[in-house]
Amino acid sequence: MRHRLLIAAGSLVVVGVTMWLADAVVASQAPSGTTTFKVPASTYAPPRTPWGDPDLQGVWDNHTTVPMQRPANLAGKKTFTDAELAARARSRDDNDPLCNQNDERCAKATVADLDRLDAYNGFWTPQTFVSDNRTALIEDPPDGRIPPLTPEALAIQQAYLRAHPATEPSAAVIEIRHWEDYDLAERCIAAQVPTTTMGYNSAQYLMQSPGWVMLAHERLNTRIIPLDGRPHLGGTMGGWIGDSRGHWEGNTLVVETTSYTNKQSGGSVGAFADAGIPFGNFHVVEHFVPVGPNRIHYYVTISDPQTWTRPWTFMQPWEKDRVLSYNDNLGATKAEPYQMYEYACHEGNNAMGNSLRGTLQARQRAASRPADAESTKSLIGKTEADIRAMYGNPVTIAGPRWQYSTANGILQFFAFFENGKVVLVRPDDIRLTEVVPNR
């Protein structure tokens, strides 16, 4: 198998052991009754390692569009038919810049199309997904929804959100006023464990040795899990990713994780718990169920009677050695098996200073915002001839969007037209004199 990995694993401090099964965990703690959900047994006998354990080693990908929770409009519908799934795939937009090629699709774009910006294009977030026709990852409760929060947990979460208010609720954008306003994933410290769907870099590398399993997530986390029956560390000594212990049940690898820090890691990419929920009482049981030579069904049961009214379980299908191809405006690459490289991430830490300065400047800008009549907001309603008379021909035209430069040499100004008149401007709070005429 051709995989190149550069993964740094930290030292592991461990002492002695208590193993207990997922069913016992689940059955012991739902205040309103117990779940009857049972993780299915493996239907496939994988090859064996030289020391006799089931061999699950390899690079496994879980890239999916299946949401964690079942949408309200799909209530009662657990799966799509193959025809419905194909129709949804045909209707799904790609995530490449709409006017990358400035083609007919760009010319026909709407203002809303061009005003929407995606973080990464198709090179980083390929549109090939692990096959799955379900409408939600959640298997239990049967309605495919996360159970309600307890009153105690809801109060904790609301207090957290008051301390970290969203400036754009629809986009969950948090104003960065302090280093604590960055979550751990943004700072490249850790993702939540278990980690759910990532938009990109969604693979896990599973490696085995006698008495141990290593699970290296392509983004941030590396877990080294003993299988020898030693007890958990206790307390909150497991830190951000908890303290994991594993054992085999037939061909299924079972991993129990406790001893999380009682702090909040944030609700960023790959998160199963929303921002504001403390982890200290979480009890997580993962089942790695092999169902074929290149497929694992990864079940996770999450229990915490202080946070949710009952345990809940989700399942992700994992696929090994997926062959991916990439094609964007920079060109196509040859199809090849999924490869993992070092995830050299420091974005949030490097950006923190700029984010704090940006918050300060945004507040200063709001305080000194020009009157609407003196700002670019006043251009709404102007005709194409009006804009040309003021600023000359645009630097570029992309469908209904005209682009001009601004005096600071970095910021761009965009005017969006419908029926020959400006209907939207970005940004709308700079002085008219800050737009540089293109003569």
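What counts, and where the lines are drawn
Counting starts from 1 at the beginning of each chain's written sequence and moves along it residue by residue. Since the coordinates come from a predicted model, pLDDT governs what is reported: local features require at least 70, and pairs of side-chain atoms require 80 or more to be given and counted, while whole-chain, interface and lining totals use all residues. Hydrogens and water molecules were not included; the side-chain quantities draw on all heavy atoms of the structure. Labels follow the DSSP assignment, with helices taken as runs of H or I lasting at least four residues and strands as runs of E lasting at least two, numbered in each case from the N terminus. Think of it in three bands: with a 1.4 Å probe and only protein chains considered, a residue is buried below 20% of the maximum accessible area for its type, exposed above 50%, and partly exposed in between. A contact between two residues is defined here by any heavy atoms of the two lying within 4.5 Å. With residues, only the protein chains shown are counted as cover, and all accessible areas are computed by Shrake-Rupley using a 1.4 Å probe. Confidence of the predictor at the level of single residues is captured by pLDDT, which takes values from 0 to 100. We call a set of buried residues a nonpolar core when its members are Ala, Val, Leu, Ile, Met, Phe, Trp, Tyr or Cys and they connect through side-chain atoms within 4.5 Å of each other. In this description, strands pair whenever DSSP reports at least two bridges between them. Put simply, a disulfide is two cysteine sulfurs that come within 2.5 Å. The rule for a salt bridge is simple: a side-chain nitrogen of Lys or Arg has to be within 4 Å of a carboxyl oxygen of Asp or Glu. Interaxial angles span 0 to 180 degrees and are taken between N-to-C directions of axes, which are lines fitted to C-alpha atoms, for helices over the stretch in contact. Here a polar contact is recorded for every N or O atom pair within 3.5 Å, except that within protein the pair must consist of a potential hydrogen donor and a potential acceptor, and residues adjacent in sequence are included only if both atoms are side-chain atoms. Expected helix span is taken as 1.5 Å per residue step, with the number of steps being one fewer than the number of residues.

Brief notes about the overall build of the protein chain
Counting its secondary structure elements, the protein chain contains seven helices and 20 strands. The burial tally for the protein chain puts 42% of its 439 residues in the buried class. When contacts within the protein chain are restricted to residue pairs at least 6 apart in sequence, long-range pairs at least 24 apart make up 65% of them. Total accessible area on the protein chain stands at roughly 22,100 Å², and carbon and sulfur atoms take up 53% of it.

What about the confidence of the model for the protein chain?
Put simply, the protein chain has an average pLDDT of 84, and 85% of its residues get 70 or more. Every residue in residues 1-33 scores below 50 in pLDDT, and together they form 83 contacts with partners more than four places removed in sequence or on other chains.

What to know about the nonpolar core
Nonpolar side chains in soluble globular proteins tend to end up buried together. Among the nonpolar cores identified, the biggest contains 30 residues, and Phe272, Phe282, Phe288, Ile302, Trp312 and Phe314 are the most heavily contacted of them. Secondary-structure elements contributing two or more residues to this core are β6 (212-217), β9 (252-258), β10 (283-292), β11 (295-303) and β12 (312-320). Those residues in contact with Ile302 that lie beyond four places of it in its chain are Phe272, His283, Val284, Trp308, Pro311, Trp312 and Phe314. Ranked by size, the runner-up nonpolar core spans twelve residues in total, among them Ile387, Tyr391, Ile430 and Val435.

Notes on the pairing of β11
By the criterion of burial, β11 is predominantly enclosed, with eight of the nine residues buried. Bridge count between β10 and β11: nine bridges; the pairing is antiparallel. Directly across from Phe288, in β11, lies its bridge partner Tyr298. Two successive antiparallel strands, β10 and β11, enclose a turn made up of two residues.

Focus on unusual backbone geometry
Across residues other than glycine, the phi torsion is negative in most instances, and most of the peptide bonds are trans. In this model, Val193 is joined to Pro194 through a cis peptide bond whose omega is 5°. The omega angle of the peptide bond from Arg426 to Pro427 is -10°, so this bond is cis rather than trans. The residue Pro427 is located in the segment after β20 (421-426) in this model. Non-glycine residue Asn201 carries a positive phi angle of around 45°. Here Asn201 is to be found in the loop between β4 (173-174) and β5 (203-209).

Observations concerning the environment of Val395
Residue placement: Val395 occurs in the loop between α7 (384-391) and β17 (396-398). Sequence-wise, Val395 and Arg439 are 44 residues apart; in three dimensions their C-alpha atoms are separated by 9.9 Å. The contact partners of Val395, leaving out residues within four places of it in the chain, are Gln403, Tyr404, Ser405 and Asn438.

Observations regarding the state of the cysteines
Throughout the structure, instances matching the rule amount to one disulfide. Each sulfur in the disulfide pair Cys188 and Cys345 lies 1.8 Å from the other. Taking the sign of the torsion about the S-S bond as the criterion, the disulfide between Cys188 and Cys345, at about -50°, is left-handed. Of the two residues, Cys188 sits in the loop between β4 and β5 while Cys345 sits in the loop between β16 (336-337) and α6 (347-367), which places them 157 residues apart along the sequence. Residue classification places Cys188 among the buried residues on the basis of a relative accessible area of 14%.

Re the pattern of salt bridges
If you walk through the whole model with that rule in mind, you get 14 salt bridges. With a shortest N-O distance of 2.6 Å, Asp61 and Arg322 are connected by a salt bridge. Taken together, the residues Asp61 in strand β1 (residues 58-61) and Arg322 in the loop between β12 and β13 (323-324) connect sequence positions 261 residues apart. A salt bridge links Asp372 to Lys377; the nearest nitrogen and oxygen atoms lie 3.8 Å apart.

Notes on the sheet that holds strand β18 (residues 401-405)
Backbone hydrogen bonds hold the strands of a sheet together, and the pairing may be parallel or antiparallel. In space, the four strands of this open sheet follow the order β17-β18-β19-β20, with antiparallel pairing throughout. The strands lining the two open edges of the sheet, one partner per strand, are β17 and β20. With direction set aside, neighbouring strand axes in the sheet form an average angle of 25°. Judged from the three bridges that link them, β17 and β18 form a sheet pairing that is antiparallel. Bridge pairing links Ile397 to Trp402 in β18. Across the sheet, α7 lies against β17, β18, β19 (412-418) and β20, angled at about 10° from β18, the strand it touches most.

Notes on the side chain of Thr307
If you trace the backbone, Thr307 turns up in the loop between β11 and β12. Within the local environment of Thr307, its side chain forms a polar contact with the side chain of Asp304, the two groups lying 2.6 Å apart. Not counting the four nearest positions on each side in its chain, Thr307 is found in contact with Pro148, Leu149, Thr150, Ala153, Ile277 and Phe282.

Considering the side chain of Thr301
Mapped onto the elements, Thr301 comes out in strand β11. Only 2.8 Å separates the side chain of Thr301 from the side chain of Thr313, close enough to count as a polar contact.

Points about α6
End to end, α6 covers 29 Å across 21 residues, agreeing with the expected 30 Å (1.5 Å per residue, within 8%). Among the residues of α6, those classed as buried are Gly348, Met352 and Thr359.

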